[in-house]
Amino acid sequence: VLIILIVLLADVRSAIIVTLVLPLAALFAFIMMRWYGLSANLMSLGGLAIGIGMMVDGAVVMVENIHRHLTEKPEDAKQHAHASKTEVVLYAAKEVGRPIVFGIFIIIVVFLPLFTLEGFEGKMFSPLAFTISFALLGSLILSLTLVPMLCTVFLKQAPHEHDPLHIRWLKHIYLALLKPCVRHPWFVVLPAVLALAGALALVPRIGTEFLPTLDEGAVSIKLQRLPSISLPESIKLAGRVERIVKQFPEVIDVVSRTGRADIASDPEGVESSDITVTLKPREQWTSAQTKDELVDKMREAVAQVPGVAASFTQPIALRVDELVSGVKSAIGIKIFGDDLAVLKEKAEAVARVLGKVRGAADINVEKVSGLAYLQIEIDRDKIARYGINVADVQQVVETAIGGKEATKVYEGQKVFGLAVRFPESARSDVSPIRQILIASPQGALIPLGQLAHVYVTEGPAQISREMAQRRIVVECNVIDRDIGGFVKEAQQKIDAGVKFPPGYLVTWGGQFENQQRAMKRFSIVIPITIAAIFLLLFGSFNSVKQALLIILNIPFALIGGILALILGHFNLSVSASVGFIALFGVAVLNGIVMVSYFNELRRDGMTVELAVVKGAILRLRPVLITASVAALGLVPMLFATGPGSE
């Protein structure tokens, strides 16, 4: 930032004054965050990185204007005749003070949509919005107070050529292009409108997602078996998967956890396992070049294990997905209804359709059946012949299988109930249960098998409820494709291929739900924000036409961002939307700087064409600096490779 300021300002002291605003504005932001009760995290630091360019915008405009007035030749600075250095600085500061105030406030207003986000996305992006807003507020205060004072002390009032050679060369080229454009505006307006239309036509080709996939440096494998599986068999299968994954040379450790009832809100049965796979640094990999390629190979290897459904994700992503939406995959299709059998049938039909959609991986239907149940159906006619009541039979069965307190055990002051029941070997087999003897009133002992039908049947493994209804979830991950495009295609195919009975409801959850909620909120708040910007511009310029002229910067500024997403093969995510929001602020600020100076020259009696040409030339350098520094401030984020850089 300092280097580009030196190059474009052509004055080391001016560049240092502007650069001083960065740490001081950041310090102001952290003090305000501490006062507000917020802590510094990855997103707040990211806010400072995004805001580096915008934090110096006000200072750049202020210093450049003061430096220009201090170095103007006498014939060009008649208003400063016999004026002291302090008076010149004060005049220059007043000249740009109003556009700086309105420009910075408008940039803060631009970030209003981030404050309105709810749920997980609100928790994530609110620190970024607060940090940028506080930093911009600090930079505004510093630009209006500290910067003019430092200019008074350190800059010299010495008339000389204001622009160095490279700036004069840029202005010469700009002037040669600007004059014919001003004389023939349609030569510029028509191609610009066509470029905007072309960019908007490319928007449907941009994929959508909630957030880019963050590389956590580890892999998490979610294993599901039949609910009726025993704990030893479940551990055996998990160990088999562990040994398969450990064969990959990129793997350091493999740790599995079967069942999970430590947290009351997140219980798991013995049929479920989480396997965490820690990986070596990327430069030590040999069997795969990318993480997606490595996961694909692991997925193929684990698929050879029978009786196991595996879903591949990452440790933190898995926990976040579970806590936010209760879905353990990127996408969860929730089917609501009353009949468990119908829910299971429709969920399996949805899973078959999903398997035909490009990008679908790790499709898994929530296990709602498959658990073994012991059924004892008492034959009332038979027990009536022996004079036995239903309650008598049930009491014996309850004692034998469930256990019943027979006596009490005393240990000092402690009293424990001592229950008796059949041993495990007898309770897990139908034959001994059928041999349980039931006493009749006449004293005869009749086996339970002669009084009731005793058998084992398959029943519900779990019954999940949400929104006061039973529900089943079909989970799915997406690979090599954007989530938004995948869901759109999947919804069309499911609507065409699966018919749901009346009273059954289908909703889409997971990351897609977060993304839809955020984008829906943006679609409401961003137009309101633009309307608020328009009102601020109208209040500043007292002209509808000039306010609309500056607002027009916003759609035309989108052209480069849309092309960047297309060429970089990026999806439109919430974080990409934050980038567009930041772009709106820079575009509006540059428009304010330009139009405010045009008005200044018009008040001095210049014609519109002459005011536009002269104003554009004189404001070329601050506009170049603000845009260049804003872009340069993002370069460290562009090439960052650490966790969270995505």
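The present account deals with the structure reproduced in this document.

Calculation criteria
- Residues numbered from 1 in each chain as written.
- Predicted model: local features only at pLDDT ≥ 70, side-chain atom pairs only at ≥ 80, totals over all residues.
- Heavy atoms only, no water.
- Helix = DSSP H or I, 4+ residues; strand = E, 2+ residues; numbered from the N terminus.
- Contact = heavy atoms within 4.5 Å.
- Expected span 1.5 Å × (residues − 1).
- Bend = angle between axes of the 7 residues up to and from the residue.
- Buried < 20%, exposed > 50% of the residue type's maximum accessible area, 1.4 Å probe, protein only.
- Axes fitted to C-alpha atoms, helices over the stretch in contact; angles between N-to-C directions.
- Parallel < 35°, antiparallel > 145°, perpendicular 65-115°, else oblique.
- Left-handed = near helix turned anticlockwise from the far one by under 90°.
- Nonpolar A, V, L, I, M, F, W, Y, C, P; charged D, E, K, R; others polar.
- 1 Å grid on protein atoms, 1.4 Å probe; cavity = no way out; pocket = protein on both sides within 12 Å on 5 of 7 lines; lining within 4 Å.
- Points joined across faces, edges and corners; volume = space filled by probe spheres on them.
- Core = buried A, V, L, I, M, F, W, Y, C linked by side-chain atoms within 4.5 Å.
- Arc of directions from axis to C-beta.
- Polar contact = N/O pair within 3.5 Å; in protein donor to acceptor, adjacent residues only side chain to side chain.
- Salt bridge = Lys/Arg side-chain N within 4 Å of Asp/Glu carboxyl O.

## Looking at the environment of Val302
Counting through the fold element by element, Val302 comes out in helix H12 (residues 291-302). When residues no more than four places from it in sequence are discounted, the contact partners of Val302 are Val241, Ile244, Val245, Ala310 and Phe312.

## Focus: helix H20 (residues 511-541)
Between its terminal C-alpha atoms H20 stretches 43 Å, which fits the 45 Å expected from 31 residues at 1.5 Å a residue. Of all the bends in H20, the greatest reaches close to 25 degrees and is centred on Ser523; the proline Pro527 follows between one and four positions later. The complete set of buried residues in H20 reads Phe512, Asn514, Gln515, Ala518, Met519, Phe522, Val525, Thr529, Ile533, Leu537, Ser540 and Phe541. Directly after H20, the chain includes Asn542, whose backbone phi takes a positive value near 55 degrees.

## A few points about the packing of helix H2 (residues 12-36) against helix H4 (residues 57-71)
In the contact formed by H2 and H4, the axes pass within 9 Å of each other and the chain directions differ by 155 degrees. Here H4 runs roughly antiparallel to H2, going by the angle between their axes. Here the hand of the crossing between H2 and H4 comes out right-handed. Listed contacts from H4 to Ser14, Ile17, Val18 and Val21 of H2 are Ala59, Val60, Val63 and His67. Across the contact of H2 with H4, the residue classes tally to six nonpolar, two polar and no charged.

## So, empty space enclosed by the protein
Overall, the coordinates contain one cavity of 30 Å³ or more when judged by the stated rule. Breaking the lining of the largest cavity down by element, the ones donating at least two residues are H20 and helix H23 (574-603). Among the elements that make up the lining of the largest cavity, the one with the highest residue count is H20 (four residues). Of the residues belonging to the lining of the largest cavity, the class tally is seven nonpolar, one polar and no charged.

## Side note on the nonpolar core
In this structure, Leu114 and Leu537 are the most contacted members of the largest nonpolar core, which totals 89 residues. It is H23 that contributes the most residues to this core, 13 residues altogether. Among the nonpolar cores identified, the runner-up in size contains 29 residues, and Ala330, Leu340, Val342 and Val350 belong to it.

## Comments concerning the layout of surface pockets
In this model, the second largest pocket occupies a volume close to 1,500 Å³. Lining the second largest pocket are 33 residues, and of these Val188, Leu549, Asn553, Phe598 and Val612 lie nearest its centre. Going through the elements one at a time, helix H9 (165-183), helix H10 (186-202), helix H21 (544-551), helix H22 (553-567), H23, helix H24 (608-618) and helix H25 (620-632) are the ones with two or more residues in the lining of the second largest pocket. When residues of the lining of the second largest pocket are assigned to their parent elements, the largest contribution, ten residues, is made by H23. Of the residues contributing to the lining of the second largest pocket, the split by class is 26 nonpolar, five polar and two charged.

## Overview of unusual backbone geometry
In this structure, Asp362 takes a positive phi of about 55 degrees despite not being glycine. Structurally, the position occupied by Asp362 is in strand S6 (residues 360-365). Even without being glycine, Ala468 reaches a positive phi, approximately 60 degrees. Structurally, the position occupied by Ala468 is in the loop between strand S13 (464-466) and strand S14 (469-478). Judged by relative accessible area, which is 69%, Ala468 ranks as exposed.

## Quick word on helix H8 (residues 146-154)
Of the residues making up H8, those classed as buried are Val147, Pro148, Leu150 and Cys151. Buried residues of H8, seen end-on, are gathered within an arc of 160 degrees and therefore sit on one face of the element.

## Considering the side chain of Lys334
For Lys334, the position within the fold is in strand S5 (residues 331-337). Residue classification places Lys334 among the buried positions, given a relative accessible area of 5%. For Lys334, the side chain forms a polar contact with the side chain of Glu466, separated by 3.2 Å.

## A few points about the pattern of salt bridges
One pass over the full model with this rule turns up 15 salt bridges. Two residues, Glu95 and Arg68, come together in a salt bridge whose shortest N-O distance is 3.5 Å. Here Arg68 lies in helix H4 and Glu95 lies in helix H5 (residues 85-110), a separation of 27 residues in the sequence. Like Arg68, Glu95 is buried. Shared partners join several salt bridges into a network, and the residues in it are Lys334, Glu366, Glu466 and Arg471.

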